[in-house]
Amino acid sequence: MIRPSPIAPGFRPGHHAVRPGAPASSPERKSPPLEALYPEKDAYLRLPPERYTSRTFMQQEWDAIWSRTWTCAGLVSDLVRPGDFVRYDLGHESIVVVRGRDGALRAFYNVCRHRGRQLVAKACGSGSSFVCSFHGWIYDVDGRNRRVTDRELFDPRTLEGGVDLRPVRCETWGPFVFVALDPDAPPLLEHLAPMPELFEAYALDELKLVKDVAVAVDCNWKVASEAFLEPYHTHATHPQIVDSIDELHNQYDYYPRGHSRVISPLSIPSPRLADRTTLTPAMKQILAVAGVDPERFQGTALDVRDALRAAKRRADNPFGVDYRCFSDDQLVDNWNPSIFPNLAMNALPEAVQVMRFLPDAVDPGRSTFHVWTLVRATRPGIRPTPFFGVEPDADLTGATRPPRRRTTEAAPELGEVLEQDVANMSLVQRGLASAGCDVIRLSEQEGRIQQLHAEIDRRIAARQAA
Ligand code: FES
Ligand SMILES: [Fe+2]
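The rules we used
- Residues numbered from 1 in each chain as written.
- Chains lettered and ligands numbered in written order.
- Predicted model: local features only at pLDDT ≥ 70, side-chain atom pairs only at ≥ 80, totals over all residues.
- Heavy atoms only, no water.
- Helix = DSSP H or I, 4+ residues; strand = E, 2+ residues; numbered from the N terminus.
- Polar contact = N/O pair within 3.5 Å; in protein donor to acceptor, adjacent residues only side chain to side chain.
- Contact = heavy atoms within 4.5 Å.
- Buried < 20%, exposed > 50% of the residue type's maximum accessible area, 1.4 Å probe, protein only.
- Donors = N, O, S within 2.8 Å, 3.2 Å for Na, K, Ca; no water.
- Tetrahedral: all angles 85-135°; square planar, octahedral: opposite > 155°, others 65-115°.
- Salt bridge = Lys/Arg side-chain N within 4 Å of Asp/Glu carboxyl O.
- Domains from an automatic or database assignment.
- Buried area = accessible area lost by both parts, 1.4 Å probe.

(A) Main features of the side chain of Ser264. By secondary structure assignment, the location of Ser264 is in strand S14 (residues 260-265). For Ser264, the side chain forms a polar contact with the side chain of Asn250, separated by 2.7 Å. When residues no more than four places from it in sequence are discounted, the contact partners of Ser264 are Pro231, Ile245, Asn250, Asp333 and Asn334.

Structure follows, in structure tokens:
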């Protein structure tokens, strides 16, 4: 049973800290409030729905964001050997990232320099060169043109300016390859700060990919992204999990350049529940996995979190993970960063779900919601948390790269929780396009959505002023 109002008098979600007084050196430290970064934030309490439906606004986003800043193009683990490549489609652009014979990663526009045909059709692969299927021009994996078919029949002036592939900025952080179409973008790590430092304990480059799903969704990229910027929807969209998540007492952190984080306490019942003490089957399962017999457990549901933390702190813990790098809160909470503009995660010590939200080439009402699930090596039998939706028979060793599944909203193949999120997406988009939707209203629990829009507008204004 859900209580009518679980909000304690004076409770302010924007000011709540999971560990009040955490020192500045602690990864838990609470950020300054949103207004410290965005004094104009109250202009974003209400948003016009055209921000999700207008082609003019979509073009402004392209000009100020997608064509300017760093976005994640793929995984380093797909680019290990010389000649390994991945194709990355961003809006109307297509980029190829490739490992050179010299070991360097490079990125190029996926465009033949003859008459502009896209060069690479596959999502990923490996080869010693790229051959354009139209007239057979060939490019080395370092981007240099190796053959202009029938070169002697081109007037030399035609080939002036060079016929090598056009390069794109390419840098890495942990397991991720990023590209920036703007040659003047700041270095990647400068753009990402302070997120790499905050997530250092998770050693993301040690994780193995076990699931790769790209869902075509009928909604603007921000509708999909915003599903993971606020935990306010949890009790209504995911009622089956409120026995094991306190979705009210989150810590919201706001960082420069549009990045943010929410820390969500897990393995604790929601204050929305009238009964917060009885152990539910899900909570018993959490205890059992931690090596605690739920039938002999002396505590209530409110004590499960401490029992789980204590189990993980044992050197011989049943998970088989060395948790020494993780803080007490990281052991049990969901850390959810949003890296501007379109990369988010649900990070637990044992597994991390990575999400990308990719705009369509032409339609503001369409996007791709892409999910990679990465796991750490654990004892046999330890599976990622059920809400990550990894199938029971999935290989968790990382020995074989899982194929990318391309799915639809009708059958996303993401597991129950993410599928509930997906089920909202096209319905939100259709509502936003209706004459019945005059304005979007954001609560204090949706401050990260305010930040996203404030940051977009700052960048659009800076672009227009340039
Ligand atoms: S367009 Fe590529 S060879 Fe002609
Ligand atoms: Fe959700």
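There is more to say, and it comes next.
(B) Quick peek at the environment of Pro13. Note on placement: Pro13 falls in the segment before helix H1 (34-37). Residue class for Pro13 comes out buried when judged on its relative accessible area of 9%. Placed 237 residues apart in sequence, Pro13 and Asn250 show a C-alpha to C-alpha distance of 7.0 Å. With sequence-adjacent residues up to four places away left out, Pro13 is seen in contact with Asn250, Tyr252, Glu444 and Gln445.

(C) Examining the coordination of the iron ion (ligand 2) more closely. Those protein atoms acting as donors to the iron ion (ligand 2) are His233 (NE2), His238 (NE2), Asp421 (OD) and Asp421 (OD), and they sit at 2.0 to 2.7 Å. The coordination sphere of the iron ion (ligand 2) comprises four donor atoms, whose angles at the metal cover 53 to 150 degrees; the geometry is irregular. The exposure class of Asp421 is buried, given its relative accessible area of 3%.

(D) Region of interest: the pattern of salt bridges. With the rule as written, the count across this model stands at 38 salt bridges. Here Arg68 ties to Asp182 by a salt bridge, and the two come within 3.7 Å at their closest N and O atoms. Here Arg68 is found in the loop between helix H3 (55-66) and strand S2 (71-75), whereas its partner Asp182 is found in the loop between strand S11 (176-180) and helix H4 (188-192), with 114 residues between them in sequence. Classification of Arg68 by relative accessible area gives partly exposed; the value is 31%. Asp438 is the partner of Arg441 in a salt bridge, and the nearest nitrogen-oxygen pair spans 4.0 Å. You'll find Arg441 and Asp438 in the same group, each marked exposed.

(E) Representation of the domain arrangement of the protein in the model. As far as domains go, the protein holds domain 1 (29-66 + 194-465) and domain 2 (71-184). For domain 1 and domain 2, the distance between their C-alpha centroids amounts to 33 Å. Taken together, the contact pairs 21 residues of domain 1 with 19 residues of domain 2. Summing the contributions of domain 1 and of domain 2, the shared interface buries around 1700 Å²; its carbon and sulfur component is 75%. Linking domain 1 with domain 2 are one salt bridge. The residue Arg401 makes a salt bridge to Asp78 at a minimum N-O spacing of 2.7 Å. Linking domain 1 with domain 2 are three residue pairs in polar contact (both at pLDDT 80 or more). The set of elements that each furnish at least two residues to the side of domain 1 that touches domain 2 consists of H3, helix H5 (195-198), strand S16 (343-347) and strand S17 (351-359).

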